[in-house]
Structure formats: structure tokens, C-alpha cells
Amino acid sequence: PAHITELSPDSVRGFLPGFAYQCGVMIAGSVAYLEAVLAEHTTYANSMAITAATVFIGGAIVASVGRERRGMLFGVTSVPAAGEQIEPGIVQGSLLESRASVRRR
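Let me begin by describing the structure that accompanies this report. None of the values given here were measured: they were computed from a predicted structure.

A few points about the side chain of Thr-51
Argument step 1. Tracing the backbone through its elements, the reader meets Thr-51 in helix H4 (residues 44–65).
Argument step 2. Relative accessible area serves as the criterion here: at 17%, Thr-51 is assigned to the buried category.
Argument step 3. Every residue in contact with Thr-51, bar those within four places of it in the chain, is listed here: Val-31 and Glu-35.

Right, dumping it as C-alpha cells:
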């Protein structure tokens, strides 16, 4: 959930992590039922293995499709020009400002 917060746009930063968590709970809640249905057609060990493989492959696909956002600045609407330095405290409420205030203490 913390990583989802970092990836979320500012406008939905409070909403999206909780919504994503609840969607995950909804999907995970159906796994036991699907595993039992699959076990009716094969052994229970095979159904568990198929379920685990499906979850692993799905997670690998999601991880490979998603993009990484390194150095993202919260509250910044434009990207700084190449070579431009951003000083801590320039953007009120930014992560850089938070880190700067922690270092001053």
C-alpha cells in the first residue's frame, strides 16, 4: 500500500491505496472457492499448484508492465528541465521539503 501511495496522482492519493486494497481482498476472497471448484476436476494438490502458478504469473506480468517512478516529487505539476536542480523546500508539501525539515531537527 505504501508504494501505491507513491504512484498515485495527487488528486486521488488518499483514495486509491484503500480502494486497491479492497479490490485485492475481493479478488483474494474468491480464490478458495475457485480452488475448490478446480479440485473437483483434479486433485487438491494440483489445484493448489495451478492456483499458486496463476497468482505468480499474474504478479510477474503486473510487475513487468508497471513503470517505475524514481525521484518523483509530490505536488509538482511540471517536470524540471534537464540539468535543473530542485532545492529542498521549493515545493510546499513535497517529499524533498519533508526530508529537509527532518534533517534540520
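There's more to say after this.
Here's the deal with the packing of helix H3 (residues 31–41) against H4
A pair of packed helices can be characterised by two numbers: the angle between their axes and the separation between those axes.
Argument step 1. Running from N to C, H3 and H4 point in directions that differ by 135 degrees, and their axes come no closer than 8 Å. As far as their axial angle goes, H4 and H3 are oblique. Crossing hand, H3 versus H4: right-handed. On H4, the residues touching Val-31, Glu-35, Leu-38 and Ala-39 of H3 are Tyr-44, Ser-47, Met-48, Ile-50 and Thr-51.
Argument step 2. Residues belonging to the contact of H3 with H4 are distributed by class as follows: six nonpolar, two polar and one charged.

Observations concerning the side chain of Glu-35
Argument step 1. As for its placement among the helices and strands, Glu-35 is situated in helix H3.
Argument step 2. For Glu-35, a relative accessible area of 14% corresponds to the buried category.
Argument step 3. In this structure Glu-35 touches Tyr-44, Ser-47, Met-48 and Thr-51, once residues within four positions along its chain are discounted.

How each quantity is defined
- Residues numbered from 1 in each chain as written.
- Predicted model: local features only at pLDDT ≥ 70, side-chain atom pairs only at ≥ 80, totals over all residues.
- Heavy atoms only, no water.
- Helix = DSSP H or I, 4+ residues; strand = E, 2+ residues; numbered from the N terminus.
- Buried < 20%, exposed > 50% of the residue type's maximum accessible area, 1.4 Å probe, protein only.
- Contact = heavy atoms within 4.5 Å.
- Axes fitted to C-alpha atoms, helices over the stretch in contact; angles between N-to-C directions.
- Parallel < 35°, antiparallel > 145°, perpendicular 65-115°, else oblique.
- Left-handed = near helix turned anticlockwise from the far one by under 90°.
- Nonpolar A, V, L, I, M, F, W, Y, C, P; charged D, E, K, R; others polar.

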